[in-house]
Amino acid sequence: MRTVPDLTVVVPTFNERPNIRPLVGLLDRALAGIAWEVVFVDDDSPDGTADEVRALGREDGRVRVLHRIGRRGLAGATIEGMLSSIAPVVAVMDADLQHDETRLPAMFAILRDDPATDIVVASRNVAGGSAAGGFSALRKWGSDRATALARRFLKVTATDPMSGFFMLRRERFNEVVTQLQPEGFKVLLDMLSSSRGRWRVAEVPYDFRARRFGTSKMDSAVAFEFLALVVARATGGLVSIRFVLFALVGLTGVFVQLAVVRAMLWFATDVFILAQAAGVFVAMTTNFLLNNLLTYSDRALKGAALIRGLLSFYAVCAIGAVANVGVAEAVFAVLPQPEIASFCGAVVGAVWNFLASSAYTWKAR
Ligand code: GDD
Ligand code: MN
């Protein structure tokens, strides 16, 4: 008979095949004496990580896989892994052996012995911890800036809210899960912020080790996702990460449009309306490409789908422009202030573009 686990270790994976067996071996040694299981949440990795987990699961009943198709994203994978657990305590750690699994028993003991503690964070930023091995100087700098920003604006007190290594009570997780943003990388920060300072946080130090096999999936998009998460949380979840990214991209479009209009008038034409049309067209195109890379990096369109997406984005924006003008005109009729009327039109146009493009251009599978 299968033993009911007291601890579920959730491990999100993308292309981590060579790390699966070594990690389970390390967990087996570290967690002796605890009834544990491990759930690998794999986003259909091309290297066959999920196959490897299934093979191992047939040898060891403590190993499970949650195989997601057509979706990408660290935070979302982590959330679903935790939801799949029946254990009273869940841990989250990376697959790549960067997180020191020998810290898990100490983290588990804190939750077992102190009922007042809700979550234990493995921190690189308390005495005894370090990030030296696992981070380049630039990543370390970025991580420190992000931590300072989060602590200041989101009133998070933990020393390492960016950590991907933590353990918490399953029932506490249920309290915040509906408020979490599945886009992005920083699910711990999102949980701590959503708990509004009600959680008692304990920290244990650990050394962030160097990755052994494979490569990091963090890229510059992650930095933008982080900033968007801060804004989304600072508004109490009123706007989503995706909307913040979409609005940021829209802002770059304004500058692209102005630059193209200027250049056209210098080099190509004397007719303003032609220059303006070219500016709008180029800005729509760069907005589309940037949104595809950044806002929708988890379901980026490629090949023929990219062309189809671009055409549908033009159509969406054309309707958005009509709505923009219509709303501005209606507002102006009751409140003849051009700036206010124009701003209202822009907001309605942006919200329309966002909602319509997420439904048609980048629809979830
Ligand atoms: N399912 C799934 N889907 N897993 C993913 C995805 C995804 O889209 N992207 C990354 N992962 C998995 C990786 O396979 C790995 O197990 C883990 O998430 C972390 O990804 P890395 O690419 O190794 O990230 P990192 O080492 O640069 O940063 C990690 O450590 C930092 C310090 O604790 C992350 O956990 C950061 O959130 C954390 O700040
Ligand atoms: Mn890593």
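Above this text you will find the structure in question.
So, how was this worked out
Residues numbered from 1 in each chain as written. Chains lettered and ligands numbered in written order. Predicted model: local features only at pLDDT ≥ 70, side-chain atom pairs only at ≥ 80, totals over all residues. Heavy atoms only, no water. Near = heavy atom within 4 Å. Polar contact = N/O pair within 3.5 Å; in protein donor to acceptor, adjacent residues only side chain to side chain. Areas by Shrake-Rupley, 256 points an atom, 1.4 Å probe, with all protein chains shown as cover. Helix = DSSP H or I, 4+ residues; strand = E, 2+ residues; numbered from the N terminus. Nonpolar A, V, L, I, M, F, W, Y, C, P; charged D, E, K, R; others polar. Expected span 1.5 Å × (residues − 1). Buried < 20%, exposed > 50% of the residue type's maximum accessible area, 1.4 Å probe, protein only. Contact = heavy atoms within 4.5 Å. Pairing = 2+ DSSP bridges. Axes fitted to C-alpha atoms, helices over the stretch in contact; angles between N-to-C directions.

Novice: Before we move on, can you summarise the site of ligand 1 with the specific residues and values?
Specialist: In the vicinity of ligand 1 lie 27 residues, with E16, D43, R72, M162 and K217 positioned nearest. Within the backbone of F14, an N or O atom sits 2.9 Å from an oxygen atom of ligand 1. Within the side chain of H99, a nitrogen or oxygen atom sits 3.1 Å from an oxygen atom of ligand 1. When ligand 1 is considered free in solution it has 740 Å² of accessible area, and contact with the protein chains removes 98% of it. For the shell around ligand 1, the secondary structure elements donating two or more residues are β1 (7-13) and α3 (74-83). Considered class by class, the residues forming the shell around ligand 1 number 10 nonpolar, seven polar and 10 charged.

Novice: Quick one: what's the story with helix α10 (residues 272-295), residue by residue and with numbers?
Specialist: Helix length check: α10, at 24 residues, gives a terminal C-alpha distance of 32 Å against a target of 34 Å (1.5 Å per residue), a fit within 8%. Looking only at α10, the buried set comprises A275, A278, G279, A283, M284, T285, N287, F288, N291, N292, L294 and T295. The inward-facing, buried residues of α10 abut α8 (220-234), α9 (241-267), α11 (304-334) and α12 (338-361).

Novice: Quick one: what's the story with the sheet that holds strand β4 (residues 89-92), residue by residue and with numbers?
Specialist: Working definition: the strands of a sheet are paired by backbone hydrogen bonds and lie parallel or antiparallel to each other. Read across the open sheet, the seven strands follow the order β3-β2-β1-β4-β6-β5-β7; overall the sheet is mixed. Strands at the two margins of the open sheet, each flanked by one partner only, are β3 (63-67) and β7 (201-205). Put simply, the sheet's adjacent strands are angled 20 degrees from each other on average, direction ignored. Examined bridge by bridge, β1 and β4 share four bridges and lie parallel to one another. Bridging from a neighbouring strand, T8 pairs with V90 of β4. Lying over the sheet, helix α1 (residues 17-30) contacts β1, β2 (36-42) and β3, oriented at roughly 160 degrees with respect to β2. Relative to the sheet, α3 contacts β1, β2, β3, β4 and β6 (166-169), its axis offset from that of β1 by approximately 155 degrees.

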